[in-house]
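Below are the chains, spelled out letter by letter.
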Amino acid sequence: MTTLHPLRYRGYREQAVRAGPETVHLDVTNACNLDCVTCWNYAPTLDAPKSVTWKRQRIDPKVFHRVLNEVVAAGAERIVLSGGGEPFTHPDIERFLAAVKARGLRLTVITNGTLCDYGRLRELRVDQVLLNTCAGTPETYAAYHPNQPKETFHRLVEGCRVLQGVTAVNMVQVINGLTAHDLVRMVDVAAEVGARVSFKVGDLPQGTRHFALTGAQKTELLGTLIPAARKRARTLEVRTNVDAFERQLKGEPAHLPPCFAGYLYSRVAVDGRVFFCCAHLEVGHVDDGTFDDVWRGPRYEAMRQTLHQGGTFTACERCGKHDMNVAAEKEYARLVDEGALE
């Protein structure tokens, strides 16, 4: 595959798209088999639960393969598969995975891991799994996922072992009043299976506020647990984002780097809407033409120019592509220094 890497950054510099996105994120279903207690879509105590119609939405296989062909034609090099629910509830998910890898693309899957055939993921050589774990012990796992027994946690850990050496695993750990005490143990579990661990202060949709961190828990995290987790990660050589998590917990304003999303990333929802980034800023629909038509269309371009001119959107305050943009800012500076964008 010929990379379009420099062209994307040249487009950013010239404020004119020169290539398709590097990464396209495809949501394949809204259905889920879990009831995580702070989930925006499936928490048992939500004040405003999602409708049955919404929960049943899943992408038509014909639409998936058409969009996949179109994003490949536009120059995409990496695909992320996820959904408003669990992607492995889609009956065609393994065919989707195989289709992505057959095109020589890098593939990331965001999953709760409970329905995966880990041997098949290894066989397909899926590049990365973002595993929504939210626990460091079987007891916490069962508390956070009320419809699951403690044994599920052990199955996830064993699944990660199967992937070692082939697929990079990032254990995503939502930290709230229910999970905070597991922080150090979360590092230990990641070390056991050769995974990375990412912490984040959990969202609390209406109806789940009783899971908020208490003042005492925040004090313990900042004073004891975070320093202990940082030390353990260094000792065990586990990659973490503990420094960024600490800043988030302290409420320190994050460095807001330039936004490269309009040149590196796009997301397609299960209903065909195209989003500028993971914040669901809508810029078109897959039925508006080819993906490239949407990518280069007026709504997308208007969003890019708003950001180039210093504008922001409410969603920017909690940017879900912050790490991507930080890395892109450094890469852009390198390319400029080397004269690679001339």
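Residues numbered from 1 in each chain as written. Predicted model: local features only at pLDDT ≥ 70, side-chain atom pairs only at ≥ 80, totals over all residues. Heavy atoms only, no water.

Draft legend 1. Focus on the overall build of the protein chain. Tallying secondary structure elements over the protein chain gives 14 helices and nine strands in all. Compactness check: the protein chain gives a C-alpha radius of gyration of 20 Å against a globular reference of 20 Å for 342 residues, within 12% of the reference. Dimensions along the principal axes, computed over C-alpha positions, put the protein chain at roughly 50 × 45 × 40 Å. Looking at the 342 residues of the protein chain, the share that counts as buried comes to 49%. For the protein chain, the centre of its 42 positive side-chain charges and the centre of its 40 negative side-chain charges are spaced 1 Å apart. (Helix = DSSP H or I, 4+ residues; strand = E, 2+ residues; numbered from the N terminus. Rg over C-alpha atoms; globule rule 2.2 N^0.38 Å. Buried < 20%, exposed > 50% of the residue type's maximum accessible area, 1.4 Å probe, protein only. Lys, Arg positive; Asp, Glu negative; His and termini not counted. Charge placed at Lys NZ, Arg CZ, Asp CG, Glu CD.)

Draft legend 2. Up close: the packing of helix α1 (residues 5-14) against helix α14 (residues 322-337). Packing of α1 against α14 leaves a shortest axis separation of 11 Å and a crossing angle of 95°. Classified by the angle their axes make, α1 and α14 are roughly perpendicular. Here α1 contributes His5, Tyr9, Tyr12 and Arg13 to the contact with α14, which in turn contributes Ala328, Glu331, Tyr332, Leu335 and Val336. For the contact of α1 with α14, the class distribution of residues is six nonpolar, one polar and two charged. (Axes fitted to C-alpha atoms, helices over the stretch in contact; angles between N-to-C directions. Parallel < 35°, antiparallel > 145°, perpendicular 65-115°, else oblique. Contact = heavy atoms within 4.5 Å. Nonpolar A, V, L, I, M, F, W, Y, C, P; charged D, E, K, R; others polar.)

Draft legend 3. Summary view of the pattern of salt bridges. According to the stated counting rule, one finds 23 salt bridges in the structure shown. Each of Glu158, Arg161, Arg185 and Glu192 takes part in salt bridges that share partners, so that together they form one network. (Salt bridge = Lys/Arg side-chain N within 4 Å of Asp/Glu carboxyl O.)

Draft legend 4. The environment of Val28, seen in detail. The topology assignment puts Val28 in the loop between β1 (23-27) and α2 (52-55). By relative accessible area, which is 0% here, Val28 ends up buried. Leave out the neighbours within four places in its chain, and Val28 touches Arg58, Ile59, Phe64, Leu81, Ser82, Gly83, Pro87, His90, Ile93, Phe96 and Val270.

Draft legend 5. Spatial organisation of unusual backbone geometry. Positive phi, normally seen in glycine, also occurs at Gln15, with a value near 55°. Structurally, Gln15 can be placed in the loop between α1 and β1. Positive phi values are uncommon outside glycine, yet Cys134 reaches one of about 60°. Note that Cys134 resides in the loop between β4 (128-132) and α6 (138-144).

Draft legend 6. Layout of the nonpolar core. Ranked by internal contacts, the top residues of the largest apolar core, which has 93 residues, are Ile79 and Leu81. Here this core gets seven residues from one element, more than from any other, and that element is helix α8 (residues 183-193). Setting aside residues up to four positions removed in sequence, Leu81 forms contacts with Leu26, Val28, Phe64, Pro87, Ile93, Phe96, Leu97, Leu107, Thr108, Val109 and Ile110. (Core = buried A, V, L, I, M, F, W, Y, C linked by side-chain atoms within 4.5 Å.)

Draft legend 7. Focus on the packing of α8 against helix α9 (residues 215-236). Running from N to C, α8 and α9 point in directions that differ by 15°, and their axes come no closer than 8 Å. With respect to their mutual orientation, α8 and α9 come out roughly parallel. Considering how the two elements wind past one another, α8 and α9 form a crossing that is right-handed. Taken together, the residues of α9 that come into contact with α8 (itself represented by Leu183, Val184, Val187, Asp188 and Ala191) are Leu221, Leu225, Ile226, Ala228, Ala229, Arg232, Ala233 and Leu236. Taken together, the residues of the contact of α8 with α9 sort by class into 11 nonpolar, no polar and two charged. (Left-handed = near helix turned anticlockwise from the far one by under 90°.)

Draft legend 8. Quick peek at the packing of aromatic side chains. Under the criterion given, the structure shown has 12 aromatic pairs. Both rings, one in Tyr12 and one in Tyr332, keep their centres 5.2 Å apart while their planes meet at 80°; by these two values the pair is edge-to-face. Remark: Tyr332 occurs in helix α14 and Tyr12 occurs in helix α1; sequence separation between them is 320 residues. The interplanar angle of 50° and the centroid separation of 6.1 Å between the aromatic rings of Tyr141 and Phe153 together place this pair among those described as tilted. Placement of the pair is Tyr141 in helix α6 and Phe153 in helix α7 (residues 151-163), with a sequence separation of 12 residues. (Phe/Tyr/Trp six-rings, centres within 6.5 Å; stacked < 30°, edge-to-face > 60°.)

Draft legend 9. Highlighting helix α10 (residues 242-250). Looking at α10, one finds that the buried residues are Val242, Phe245, Glu246 and Leu249. The buried residues of α10 occupy an angular sector of 100° when projected down its axis, which confines them to one face. Among the structural elements, β5 (168-175), α8, β6 (196-201) and α9 are those in contact with the buried residues of α10. At the exit of α10 stands Gly251, carrying a positive phi of roughly 75°. (Arc of directions from axis to C-beta.)

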